[in-house]
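Below are the chains, spelled out letter by letter.
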Amino acid sequence: MLCTPVTSASPPPTTARSWWSPVTRLGVIVSADTDFGTLLASERVVAPSVLLLRLRSPRRAAEISELLLANLDAVADELDQGAIVVVEDERIRVRRLPI
């Protein structure tokens, strides 16, 4: 699985479709922003995968890393094939793409 950071320094997209073209080469986007799931659903694309953090309380980066690493093996195949994986405090949900 390929993980590539996406920074706010990236140029803003002109349209959703033009935005997905280079991003589909990425393996997984890790974010707390639910807009990624909305964009994936509206465009009906199969990539990139999104690992969405939906945690109730603020966590330190080390705690988030530990949580992700502890659960990554369980969802690695889905992320490789195209999915939205929602990591919550008590459970993990997986939705295969396209939605």
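These figures come from a predicted structure and were not determined experimentally.

What counts, and where the lines are drawn
- Residues numbered from 1 in each chain as written.
- Predicted model: local features only at pLDDT ≥ 70, side-chain atom pairs only at ≥ 80, totals over all residues.
- Heavy atoms only, no water.
- Buried < 20%, exposed > 50% of the residue type's maximum accessible area, 1.4 Å probe, protein only.
- Helix = DSSP H or I, 4+ residues; strand = E, 2+ residues; numbered from the N terminus.
- Pairing = 2+ DSSP bridges.
- 1 Å grid on protein atoms, 1.4 Å probe; cavity = no way out; pocket = protein on both sides within 12 Å on 5 of 7 lines; lining within 4 Å.
- Points joined across faces, edges and corners; volume = space filled by probe spheres on them.
- pLDDT = per-residue confidence, 0-100.
- Contact = heavy atoms within 4.5 Å.

### Considering the pairing of strand 3 (residues 83-88)
Counting buried positions along strand 3 gives six out of six residues, so the element sits mostly inside the fold. Two elements, strand 3 and strand 4 (residues 92-96), share five bridges in a ladder whose sense is antiparallel. Note on strand 4: the bridge partner recorded for Ile84 is Arg95. Here strand 3 folds back onto strand 4 in antiparallel fashion, the turn holding three residues.

### Some thoughts on empty space enclosed by the protein
The final tally for this structure, using the stated rule, is one cavity of 30 Å³ or more. Looking at the largest cavity, its volume works out to about 40 Å³. In terms of lining residues, the largest cavity is bounded by Leu51, Leu68, Asn71, Leu72, Val75, Val85, Val87 and Ile92. It is helix 3 (residues 61-81) that contributes the most residues to the lining of the largest cavity, four residues altogether.

### Some thoughts on the confidence of the model for the protein chain
A residue-level look at the protein chain finds 74% of positions with pLDDT of 70 or above and a mean pLDDT of 77. Per-element mean pLDDT across the protein chain ranges from 50 in helix 1 (residues 16-23) up to 93 in strand 4. Here residues 1-20 scores under 50 on pLDDT; set against residues more than four positions off or in separate chains, the count is 24 contacts.

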